[in-house]
Amino acid sequence: MSSLAQPADGTDRPHRSEPVTTVGRATDEFPPEASVWPADLSRRDFLQVMAASIALAELSGCNRPPSKTIVPYVTAPERALADGPVYYATAMSWEGYGRGLLARSNSGRPTKLDGNPAHPESLGATDAITQAAVLSLYDPDRSKTPRYHGAPIDWAEFQEQWLTEHARLQANHGAGFAVLTEPTTSPTVTRMIHRLLDRFPSARWYQHTPLARYDRDGRQDDYDFTRADVILAIEADFLLQHPASLRYTRAFSGRRRIENGRVNANRLYVIEAGPTLTGSMADHRLPASPHHARRLLAAIENALDHRPIGNDLSAVEQRTVEALAADLQAKAPNVVCVAGVECDDDIRAWADAINVRLHADGVTWHSLPSVRSDPDRRCAGDLAAAVRAIHDGQIRTLIIAGCNPAYTAPADLQFATALEKVPLRIHLGTHVDETAVACDWHIPESHFLECWSDVRAYDGTASIIQPLISPLYASRSLEELLSFLNEPPGRDGYDLVRETWQANRPSADFEQTWNGWLNTGLVDGTQNSRSKPSPPARAVGLQTSTSAPAVTVLIRPDPTIRDGRWANNGWLQELPKQNSQMVWDNAMYVSLAFAERENLTNGDEVELRRGSDRLRAPAWIAPGLAADCVVIHLGYGRTRAGRVGDNRGFDAYRFRRSHRLWSDDLDHVAPAHGHGWLVSTQTHFTMEGRDIVRTASAADPAHTAGLRPRTEPSLYPDWSYPSYRWAMLIDLGTCIGCKACVLACQAENNIPVVGKDQVARGREMHWIRVDRYFEGDPQNPQVLHQPVPCMQCETAPCELVCPVAATVHSSEGLNDMVYNRCVGTRYCSNNCPYKVRRFNFLNFQPPKDSPLYLQKNPDVTVRARGVMEKCTYCVQRIDAGRITAEKANRRVRDGEIRTACQDACPAEAIVFGDLSDPQSLVSRRKREPTEYALLEELNTRPRTTYLARLRNQNPALVGHEVPVRPNDTTNHAARGPVRSYLAAPDA
């Protein structure tokens, strides 16, 4: 197969100058470089530009670097079209850990990322960040050429300067030379750093990450949720913010799936201060500050020892602690206690001891060798150690690779000030960010889809990262830069990665083995084996105090842009955050009790005080947040992220201290004068007292059998389906609300970014949304997430009112949209009770000469302004599957066609298939007793239906929940165990 990837080859790379900036509205948020065509562009000018582009393309084609073959995941048919999609197995680094991917290439352009079903950590699923990673490849704000003091230069100039420095370092054995990287699991990167330290024995290697480390004393905790009947999570958002979250979600949700009217459900207890995605799935949740959580844990230990649990807990907390302790003892050893990485060390040790006490070690709790360990002890320390070395004059040449400490360093380290003392500063990064502008030299870093590398997953599984495209700009990978620093002019990334694995796997037929790894996306035999942990047999007494701080601030990574590295990604900025549904901003989360006491509304500014430190931010009222806590999120307040991410929100890093990274005590919290503009999509989609979301008891889900969708008489004629009858089912019992489906749909269907102002006007364009509802006491509500795509109604209200027949019913049951007929009356949207239709009021798509346009899926129309859009069950995938089946003279097999949202879902909550086949998975799932239709009283007969959310509450606690407050709007018409959910209090 001909190569699609031509990695760089040192100095032989042709220099590429800075491209001409497209005329556009740079201040617009949607999307970068979105613009109208220049009004003064004449036909003659257009032909001149095109002629020059063609000539340059021909010249560049005469001097191409040597090609390196990449291997497709699936062997293409002999007669496959040249521009048809091809899938390649690769991987990406998720905060240092690997996730196996299948990358789709259309005509040599990466356009979509999906999970690799053969990878033990991905299992064919993705999260929202993984889906959005392909957009960053085409970010127009990516660094395009090396820079010296901000001015673009050629790579050869940097090479010449480094040769002089290299000779000096060799003469003094690397004294004063240091490298600062993020923690890595790449065997090649680690090998290249060790080789660099061998050449320069006096050099030092430091590591910095603003996020949590998951390894402890050379080991990693691992959990088997398939065997856990009872789970206690302490500040542990393991369903979203964990390197193994995809595997954990699959295992956890698998125990919540109803099959043939029965379910062997697990039970989840959560103790946490702020609302998390894992907390939203809890059967019983106790909001507690870090200080109060220690009291709860001490009470749990007392209950396990059959001692009095104390009188410093509320009545609800006492009952919950007693029921939890009895549940743990009754279900041991199939129980597990998970303490989050943000917890203090003694709390994590307490969780270890509880697992040992309940004999969960080796059953549901295991130990893995750390894939980020440094067995040779070559790392000299963290960022704080590097700052001390700078102040001591021990660092004179500093390489900062792949991290942004000028932005992410805790405030007390004052890294930017210390960096000024280093005579020679070199930065490798994808953008000219806050650290790049503080350095002498900046080298563009390659995207993982355009360079060769390797990475290990959380369980140790190694994958080869193979590129799908040549580097778009004059960039280098971290491996290539380290090789150059060690032995100029350096070596190609492809050769470096092959050398690593050829040394580890000597074989007479290494080429065949290598191609096999590229084909499957896995290096066989690299998965680490589990072992039985050996922590202390009993917990050390937790330090508790009768005096508690007035308010505790919790510092957490942002749910979508994490530590800020994804701040310039428009997809992630516009993705509603899982709990607040906020977009394009961060805010200070405050409790409902605090808001009522201070008479606050969303957006009112609040000031935090800690000694001489001050932080002002707009408030967001978060039901379920502990009353004596506030939460601030990292990742915003950027000044050098790019046009999408700059000057948004506030910088929480400047309120972070190196010895208290995740929580800190405050002196004072008070309202401040001012109001910020915060935008959330939740106010668009409220329950308004209707019976929208239903729930049933996991103990007896069949009790709701009488609630199956009813078919009422209709004035609409019945449709006949001679061939296929497509349908979808969404299991609310397994859905965790991660919103991977939202971005998978966006990547697949060319859905544009519209910006904060347009979202505030109700003009968001996502074809599938995930609504969030609260039930019960707003101080500690129960939460449910509900994905809502187009319902594909049998008696569709939208079809009747369209004056130009732009929305029509297909012979296979789809509500199709004919874009070239739509004249923008929006009657269909007004008549849709589910509000799932989107109208592009403006031209939100990037111009065709923007790099962003290269990401577009060629199988889906790129819409101009003035037409209605909506979910079509990925009709392009249906057509492709039907054509494949017709060529083989057969029907489409069950599961052969998968929608984009279904592919991405880590919980396997979405099922799609043919209803005319009674044995198809979707047909069988729709026969479950908890199935219901959304707004079935309207008799639209939706083809998309739901399974009710299953609750597995402890029988000892049923009937003892916190009473519903008088201002709650419960639907008293709920039948049987099915209950209606409340609208968000902020709506």
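Procedures and definitions
- Residues numbered from 1 in each chain as written.
- Predicted model: local features only at pLDDT ≥ 70, side-chain atom pairs only at ≥ 80, totals over all residues.
- Heavy atoms only, no water.
- Buried < 20%, exposed > 50% of the residue type's maximum accessible area, 1.4 Å probe, protein only.
- Helix = DSSP H or I, 4+ residues; strand = E, 2+ residues; numbered from the N terminus.
- Pairing = 2+ DSSP bridges.
- 1 Å grid on protein atoms, 1.4 Å probe; cavity = no way out; pocket = protein on both sides within 12 Å on 5 of 7 lines; lining within 4 Å.
- Points joined across faces, edges and corners; volume = space filled by probe spheres on them.
- Nonpolar A, V, L, I, M, F, W, Y, C, P; charged D, E, K, R; others polar.
- Contact = heavy atoms within 4.5 Å.
- Polar contact = N/O pair within 3.5 Å; in protein donor to acceptor, adjacent residues only side chain to side chain.
- Core = buried A, V, L, I, M, F, W, Y, C linked by side-chain atoms within 4.5 Å.
- Salt bridge = Lys/Arg side-chain N within 4 Å of Asp/Glu carboxyl O.

Enquirer: Help me understand the pairing of strand β40 (residues 944-947) in this model?
Expert: For a regular strand, side-chain orientation follows a simple rule: the groups alternate between the two sheet faces. Alternating residues of β40 divide into Thr944 and Tyr946 and Thr945 and Leu947, and every residue in both groups is buried. Relative to β40, strand β31 (residues 726-731) runs parallel, the two sharing four bridges. Residue pairing in the sheet places methionine 728 in a bridge with threonine 944 of β40. Across two bridges, strand β39 (residues 931-932) lies against β40 in antiparallel orientation. Bridge pairing links glutamate 931 to leucine 947 in β40.

Enquirer: I'm lost on empty space enclosed by the protein in this one. Help?
Expert: Scanning the entire structure with this criterion turns up 19 cavities of 30 Å³ or more. When its volume is computed, the second largest cavity comes out at roughly 460 Å³. Counted by class, the lining of the second largest cavity contains 17 nonpolar, seven polar and six charged residues.

Enquirer: Would you mind showing me how to read helix α10 (residues 383-391) here?
Expert: For α10, the tally of buried residues reaches seven of nine residues, placing the bulk of the element in the interior. Among all positions in α10, only Leu383, Ala384, Ala385, Ala386, Val387, Ala389 and Ile390 are buried. In this structure, the buried residues of α10 make contact with β6 (177-181), β7 (204-207), β15 (379-381), β16 (397-401), α11 (405-408) and α12 (415-419). Sitting at the head of α10, aspartate 382 places a side-chain oxygen 3.3 Å from the backbone nitrogen of alanine 384. Phi turns positive one or two residues past the end of α10, at glycine 393, with a value near 75°.

Enquirer: Would you mind showing me how to read the nonpolar core here?
Expert: Side chains of nonpolar character tend, in soluble globular proteins, to be buried together. Judged by nonpolar contacts, the single largest core of 106 residues is most densely connected at Ile464, Trp514 and Trp726. Top element by residues in this core is helix α2 (residues 128-137). It accounts for seven residues. Excluding anything up to four places from it in sequence, isoleucine 464 contacts Ala89, Thr90, Ala91, Trp452, Ser453, Asp454, Val497, Trp501, Trp514, Trp517, Leu518 and Val523. Listed in part, the 37 residues of the second largest apolar core include Ala212, Ala236, Ala251 and Cys738.

Enquirer: Quick question: what am I supposed to make of the side chain of histidine 442 here?
Expert: With respect to the secondary-structure elements, histidine 442 resides in strand β18 (residues 441-444). At a separation of 2.7 Å, a polar atom in the side chain of histidine 442 contacts the side chain of serine 143. Residue contacts for histidine 442: discarding those within four places in its chain leaves Ser143, Thr145, Pro146, Arg147, His427, Gly429, His431, Val432 and Ala436.

Enquirer: Help me understand the pattern of salt bridges, please; the structure alone is not making it clear to me.
Expert: When the charged atoms of two side chains lie near each other, side chains of opposite charge can form a pair. A full pass over the atoms with the stated rule returns 62 salt bridges. The partner of aspartate 344 in a salt bridge is arginine 294, and the shortest N-O contact between them spans 2.9 Å. With aspartate 344 in the loop between β13 (335-339) and α9 (345-357) and arginine 294 in helix α7 (residues 290-304), the pair connects residues that are 50 residues apart, well separated along the chain. The exposure class of aspartate 344 is partly exposed, given its relative accessible area of 42%. Through salt bridges with shared partners, a single network forms among Arg104, Glu748, Arg877, Arg898 and Asp903.

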